[in-house]
Amino acid sequence: MKILILGAGRVGASVAENLASEQNDITVVDTDATRLAALSERLDLQTVVGDALKPSVLRRADVDNADLMVACTASDALNLVACRLARTMFSVPLRIARVRSAEYADHPELLGEDGFCVDHLISPERSITQYFRRLIDLPEALQVLDFADGRISVVTARAMLGSPLVRHAVGELQQLMPDTDVRIVEIFRRDKPIPVDARTQIEVDDEVVFVVDSRQARRVVRQFRQAEKSVHRVMIAGGGNIGLRLARELAKDSYSVRLIEYDRARCELLASELPDSVLVLHGSATDEALLEQEGVADMDTWIAVTADDENNIMSSLLAKRLGARKVITLINRPAYGDLMQGSRIDVALSPAQITLSEILRYVRRGDVVAARRLRRGGPEVLEAVAHGDRRTSSVVGRELSALRLPSGAMIAAVVRDQQIFMADQNPVIEDGDHVIVFVPDRRQIARVEKLFQVSAAFF
């Protein structure tokens, strides 16, 4: 695809890096020439220095031939207006806008053809808050991704000492957990993926990625580690947009929430906007005396969401040392995120990766309705819809075992209306089925996409 990205900040750079590696034709527009030069040195892409709201700048970026425009500058207003400009002046087929304010999503009339002409709105704060909620609801998990309208979950969990699955082979899973629809698709051992087949044994400290019926996710994840008590007490470091939104949502569900914010004026604003059940604390999240005084040792979950990566990392390590049961840290810099994998921080979350996952579905060919990156960054899980019949499709009318997938790729589940078929049931794929595909290497994605494309005879 020919993709135009407006904004070379952390999100724009991350999107460009990931999409350029898949042989897309990428052009990035930004007013910061130094930032663009750093990008062009690392990646095979074009850059244009200038104001993205000027038609002349967009023409220099070859907007007339763009298949997709992603507006992800730091300004909500610029992103929205750029989408309307791209639609009305240049007829760009697909337009995505990243906005920080949650209010636009509540007014879809502003985004349609009579408004800003936005095909898809990405709100990092909303997406991150939803992600945090899934990790709070499933405290034993390291990552939870939802597919097929929430009916299928892809979960990553660490196998702990005492787990009933340790020292057992993957092929024994059905015997160990009868009446459970689950399939293991990947295992990370000592931070490296290992080949998975029926004979692969699960060992202590393995990170196991499995696909499961969402209704059974809690039952399965508790087989990998001792069941943890449900989360009730949450402490949040950082009172920005994400901290405010998360505290508000948790308070609605009767969680006990304490929020630490360094800026006094912001504290007063937070106290006025949050319900009385949320305790707003003025101080530093790295103040050991403050954390001990406010009972961090009794916290079920610690979440660091300040604007400073170093502050988030140090406060999370401190909270863990002082007794917080699970710590989740927001980290913008990819290098820091990679460094924290496998550390005392339980979950290191990148806003750019969440944004990227939302964009990927529009880049993937075939009817791909969801595309999510796993937490180690390389593997990807796709949700593709099968169309056609045996004559016009390479998948419809065929058993799963007959499909010619790239090496290592596997179909984990098939969702048909209210039915869920795991791969070992070997169902025949029908028109309209939602197929969950695990792809270990991004270089294989094009072959998987092609598999789900219909022939010209379909039309």
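Residues numbered from 1 in each chain as written. Predicted model: local features only at pLDDT ≥ 70, side-chain atom pairs only at ≥ 80, totals over all residues. Heavy atoms only, no water.

(A) Region of the structure containing the overall build of the protein chain. Along its length, the protein chain carries 14 helices and 22 strands. The globule rule puts the C-alpha radius of gyration for 459 residues at 23 Å, and the 23 Å found for the protein chain is close to it. Taken over the C-alpha atoms alone, the protein chain extends approximately 70 × 65 × 40 Å along its principal axes. Taken across its 459 residues, the protein chain has 54% of its residues classed as buried. (Helix = DSSP H or I, 4+ residues; strand = E, 2+ residues; numbered from the N terminus. Rg over C-alpha atoms; globule rule 2.2 N^0.38 Å. Buried < 20%, exposed > 50% of the residue type's maximum accessible area, 1.4 Å probe, protein only.)

(B) Broad picture of the sheet that holds strand 14 (residues 278-282). As summarised here, the arrangement of the six strands in space is 14-13-12-15-16-17, forming an open sheet in which the pairing is parallel. Two strands bound the open sheet, and with one partner strand each, they are strand 14 and strand 17 (347-349). The mean angle between the axes of side-by-side strands here comes to 15°, regardless of whether they run parallel or antiparallel. As paired elements, strand 15 (residues 301-304) and strand 16 (residues 326-330) share four bridges and run parallel to each other. Counted as the bridge partner of Ile303 is Ile328 from strand 16. In the packing of helix 9 (residues 264-273) onto the sheet, the strands contacted are strand 13 (256-261) and strand 14, and the crossing angle to strand 14 comes to about 170°. (Pairing = 2+ DSSP bridges. Axes fitted to C-alpha atoms, helices over the stretch in contact; angles between N-to-C directions. Contact = heavy atoms within 4.5 Å.)

(C) Region of the structure containing the nonpolar core. Judged by nonpolar contacts, the single largest core of 69 residues is most densely connected at Phe132, Phe210, Phe224 and Ile236. The element that contributes the greatest number of residues to this core is helix 8 (residues 241-252), accounting for six residues. Here Ile236 is in contact with Gly243, Leu246, Ala247, Leu250, Val257, Arg258, Leu259, Ile260, Ile303 and Val305, once residues within four sequence places are set aside. By size, the runner-up hydrophobic cluster in this structure holds 47 residues, among which are Ile5, Ala20, Ile26 and Leu382. (Core = buried A, V, L, I, M, F, W, Y, C linked by side-chain atoms within 4.5 Å.)

(D) Geometry of the packing of aromatic side chains. A complete count under the given rule lists one aromatic pair for this structure. Taking the centre distance of 5.3 Å and the plane angle of 10° together, the rings of Phe210 and Phe224 count as stacked. Of this pair, Phe210 sits in strand 11 (residues 207-213) while Phe224 sits in the loop between helix 7 (217-221) and strand 12 (233-237); the two residues are 14 residues apart in sequence, bridging distant segments of the chain. Summarising the burial analysis for this pair, Phe210 and Phe224 share the class buried. Here Arg372 stacks its cationic end above the ring of Phe147, 5.9 Å away from the centre of that ring. (Phe/Tyr/Trp six-rings, centres within 6.5 Å; stacked < 30°, edge-to-face > 60°. Lys NZ or Arg CZ within 6 Å of the ring centre and 35° of its normal.)

(E) Inspection of the pairing of strand 12 at higher detail. Within strand 12, four of the five residues are buried, which leaves the element mostly enclosed by the surrounding structure. Relative to strand 13, strand 12 is paired through five bridges, and the arrangement is parallel. Counterpart to Arg233 in the pairing with strand 13 is Ser256. Taken together, strand 12, helix 8 and strand 13 constitute a β-α-β crossover, and its handedness is right-handed. (Right-handed = clockwise from strand over helix to strand, strands pointing away.)

(F) The environment of Ser214, seen in detail. Positionally, Ser214 belongs in the loop between strand 11 and helix 7. Considered as a pair, Ser214 and Ala105 are 109 residues apart in the sequence and their alpha carbons are 26 Å apart. Setting aside its immediate chain neighbours within four residues, Ser214 contacts Asp146, Gly150, Arg151, Ile152 and Ser153. Polar side-chain contacts of Ser214 include one of 2.7 Å to the side chain of Ser153. (Polar contact = N/O pair within 3.5 Å; in protein donor to acceptor, adjacent residues only side chain to side chain.)

(G) Quick peek at the layout of surface pockets. Size it by volume and the second largest pocket reaches roughly 750 Å³. In this structure, the second largest pocket is lined by 38 residues; those nearest its centre are Val11, Ala74, Arg98, Arg100 and Asn332. Elements supplying a minimum of two residues to the lining of the second largest pocket: helix 1 (10-20), strand 2 (25-30), helix 5 (124-137), helix 8 and helix 13 (351-363). Classifying every residue of the lining of the second largest pocket by side-chain character gives 15 nonpolar, 14 polar and nine charged. (1 Å grid on protein atoms, 1.4 Å probe; cavity = no way out; pocket = protein on both sides within 12 Å on 5 of 7 lines; lining within 4 Å. Points joined across faces, edges and corners; volume = space filled by probe spheres on them. Nonpolar A, V, L, I, M, F, W, Y, C, P; charged D, E, K, R; others polar.)

(H) Broad picture of the packing of helix 1 against helix 13. Where helix 1 meets helix 13, the closest approach of the two axes is 10 Å, and the angle between their N-to-C directions is 45°. It follows from the interaxial angle that helix 1 and helix 13 lie oblique. Remark: the crossing between helix 1 and helix 13 carries right-handed chirality. Packed against helix 1, whose contacting residues are Arg10, Val11, Ser14, Val15, Asn18 and Leu19, the element helix 13 presents Ala352, Gln353, Thr355, Leu356, Ile359, Leu360 and Val363 at the interface. Classifying every residue of the contact of helix 1 with helix 13 gives eight nonpolar, four polar and one charged. (Parallel < 35°, antiparallel > 145°, perpendicular 65-115°, else oblique. Left-handed = near helix turned anticlockwise from the far one by under 90°.)

(I) Just the sheet that holds strand 22 (residues 434-439), in detail. In space, the five strands of this open sheet follow the order 18-19-22-20-21, with antiparallel pairing throughout. The strands lining the two open edges of the sheet, one partner per strand, are strand 18 (368-373) and strand 21 (419-422). Across the sheet, the mean angle from the axis of one strand to that of its neighbour is 15°, orientation sign disregarded. Inspection of the sheet shows strand 20 (residues 410-416) paired to strand 21 by four bridges, in the antiparallel sense. Residue pairing for strand 21: Val414 is matched across the bridge by Phe421. Most of the contacts of helix 13 go to strand 18, to which it runs at about 155°, and overall it touches strand 18 and strand 19 (380-385).

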